[in-house]
Amino acid sequence: AQSVTQLDSQVPVFEEAPVELRCNYSSSVSVYLFWYVQYPNQGLQLLLKYLSGSTLVKGINGFEAEFNKSQTSFHLRKPSVHISDTAEYFCAVGIQGAQKLVFGQGTRLTINP
Amino acid sequence: DVKVTQSSRYLVKRTGEKVFLECVQDMDHENMFWYRQDPGLGLRLIYFSYDVKMKEKGDIPEGYSVSREKKERFSLILESASTNQTSMYLCASSLLVAGYGYTFGSGTRLTIV
């Protein structure tokens, strides 16, 4: 069975600083990988996804993530964050043919002015 | 714009009441899901449905039931609400194979008093 670990439960950063949110997964077969964002009191929305092909994936709002098969990681990055990026971020993994995704515990990103 | 709609954003109910949470999707997705989200616990799957009248228990089904009479609608039922069911409830849908990710509703914040 696959699993997902988000290594940081909370990440505080200053506005305009770069940020990296870490995600590691465990799976014995090929995976699909996702990052979702949840703004306060809202549902989750898709930031970006890796299905196949280029390991560098660009998403909405200036975020990108890199799939690293050897390190089983899919870390999310943004070169310069804004106050509006304050949210909770979830990493998720699925395997080919599966009907369900497995979600990480979430990372709360707090942007300080 | 494709959408998953949850009928209520905020709901307050009394202990012992039977509570219905409704979710409707307009994407002709086969799969629908109910999650509950609590601080520090991430997303926990309550029930999953892969077709009309078909359902599968998730990780925390106790105290809940579901109904899927039509493809677009998936209802979560709290048979006899208790205060420990106070939570954020999220509905999601996906194609039969989840490799393309989920689409989430905006969530229902349910308070049991």
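Since the model is a prediction, treat every value here as computed from it, not as a measurement.

(A) Quick peek at the interface of chain A and chain B. With 19 residues of chain A at the contact, the number on the chain B side is 28 residues. With both chains or domains summed, chain A and chain B bury close to 1800 Å², and 53% of this area falls on carbon and sulfur atoms. One can count one salt bridge joining chain A with chain B. Between lysine 100 of chain A and glutamate 56 of chain B there is a salt bridge, with the nearest N and O atoms lying 2.9 Å from each other. Inspection of the region where chain A meets chain B yields seven residue pairs in polar contact (both at pLDDT 80 or more). Where the side of chain A that touches chain B is concerned, the elements lending two or more residues are β5 (31-38), β6 (44-50) and β10 (87-95) of chain A. It is β5 of chain A that contributes the most residues to the side of chain A that touches chain B, four residues altogether. Across the side of chain A that touches chain B, the residue classes tally to nine nonpolar, seven polar and three charged.

(B) Molecular detail of the pattern of salt bridges. Residue and element names in this part refer to chain B. A full pass over the atoms with the stated rule returns 13 salt bridges over all chains. Residues aspartate 38 and arginine 36 are paired through a salt bridge, measuring 2.7 Å at the closest nitrogen-oxygen approach. Residue aspartate 38 is classed as buried on the basis of its relative accessible area, which comes to 12%. Judged by relative accessible area, arginine 36 falls into the buried class, the value being 8%. Residue aspartate 38 is joined to arginine 44 by a salt bridge in which the shortest nitrogen-to-oxygen separation is 2.7 Å. Judged by relative accessible area, arginine 44 falls into the partly exposed class, the value being 24%.

(C) Region of interest: the state of the cysteines. Residue and element names in this part refer to chain A. Enumeration according to the criterion identifies two disulfides over all chains in this entry. Through a disulfide, cysteine 23 is tied to cysteine 91; the S-S separation comes to 2.0 Å. Disulfide cysteine 23 to cysteine 91: torsion about the S-S bond roughly -70°, handedness left-handed. With cysteine 23 in strand β4 (residues 23-26) and cysteine 91 in strand β10, this residue pair connects regions lying 68 residues apart in the sequence.

(D) Summary view of the side chain of glutamine 85 of chain B. Residues and elements named next belong to chain B. For glutamine 85, the location among the structural elements is in the loop between β8 (73-78) and β9 (87-94). Reaching out from glutamine 85, the side chain makes a polar contact with the backbone oxygen of glycine 63 at a distance of 3.3 Å. Sequence-distant contacts of glutamine 85, defined by excluding residues within four places in its chain, comprise Arg36, Gly63, Tyr64, Leu78, Ser80, Leu110 and Ile112.

(E) Region of interest: the layout of surface pockets. Size it by volume and the largest pocket reaches roughly 510 Å³. Lining the largest pocket are 26 residues, with Gln38, Glu88 and Arg108 of chain A together with Gln37 and Pro39 of chain B sitting closest to its centre. Mapped onto the lining of the largest pocket, the elements with two or more residues apiece are β10 and β12 (107-112) of chain A together with β4 (31-38) and β9 of chain B. For the lining of the largest pocket, a count of residues per class yields eight nonpolar, 14 polar and four charged.

(F) Seen up close, the nonpolar core. Judged by nonpolar contacts, the single largest core of 28 residues is most densely connected at Trp35, Leu48, Leu76 and Tyr89 of chain A. Leucine 48 of chain A has contacts with Leu33, Phe34, Trp35, Val57, Lys58, Gly59, Phe63, Glu64, Ala65, Phe74 and Leu76 of chain A, leaving out every residue within four places of it along the chain. Counting 21 residues, the second largest nonpolar core, distinct from the first, contains Met27, Trp34, Val66 and Ile112 of chain B.

(G) View of the sheet that holds strand β7 (residues 64-70) of chain B. Residue and element names in this part refer to chain B. If you trace the four strands from one edge of the open sheet to the other, you get β1-β3-β8-β7, paired in antiparallel fashion. The sheet terminates laterally at β1 (4-6) and β7, the two strands that pair on one side only. The average undirected angle you get between the axes of adjacent strands in this sheet is 20°. Where β1 lies against strand β3 (residues 19-25), three bridges are found, and the strand directions are antiparallel. Within β3, the position partnered with glutamine 6 by the bridge is cysteine 23.

(H) View of unusual backbone geometry. Although it is not a glycine, asparagine 41 of chain A sits at a positive phi angle of roughly 60°. Position of asparagine 41 of chain A relative to the elements: it lies in the loop between β5 and β6. Positive phi is not limited to glycine here, since lysine 53 of chain B has a value of about 65°. By secondary structure assignment, the location of lysine 53 of chain B is in the loop between β5 (42-51) and β6 (54-57).

Conventions and cut-offs
- Residues numbered from 1 in each chain as written.
- Chains lettered and ligands numbered in written order.
- Predicted model: local features only at pLDDT ≥ 70, side-chain atom pairs only at ≥ 80, totals over all residues.
- Heavy atoms only, no water.
- Contact = heavy atoms within 4.5 Å.
- Buried area = accessible area lost by both parts, 1.4 Å probe.
- Salt bridge = Lys/Arg side-chain N within 4 Å of Asp/Glu carboxyl O.
- Polar contact = N/O pair within 3.5 Å; in protein donor to acceptor, adjacent residues only side chain to side chain.
- Helix = DSSP H or I, 4+ residues; strand = E, 2+ residues; numbered from the N terminus.
- Nonpolar A, V, L, I, M, F, W, Y, C, P; charged D, E, K, R; others polar.
- Buried < 20%, exposed > 50% of the residue type's maximum accessible area, 1.4 Å probe, protein only.
- Disulfide = S-S within 2.5 Å.
- 1 Å grid on protein atoms, 1.4 Å probe; cavity = no way out; pocket = protein on both sides within 12 Å on 5 of 7 lines; lining within 4 Å.
- Points joined across faces, edges and corners; volume = space filled by probe spheres on them.
- Core = buried A, V, L, I, M, F, W, Y, C linked by side-chain atoms within 4.5 Å.
- Pairing = 2+ DSSP bridges.
- Axes fitted to C-alpha atoms, helices over the stretch in contact; angles between N-to-C directions.

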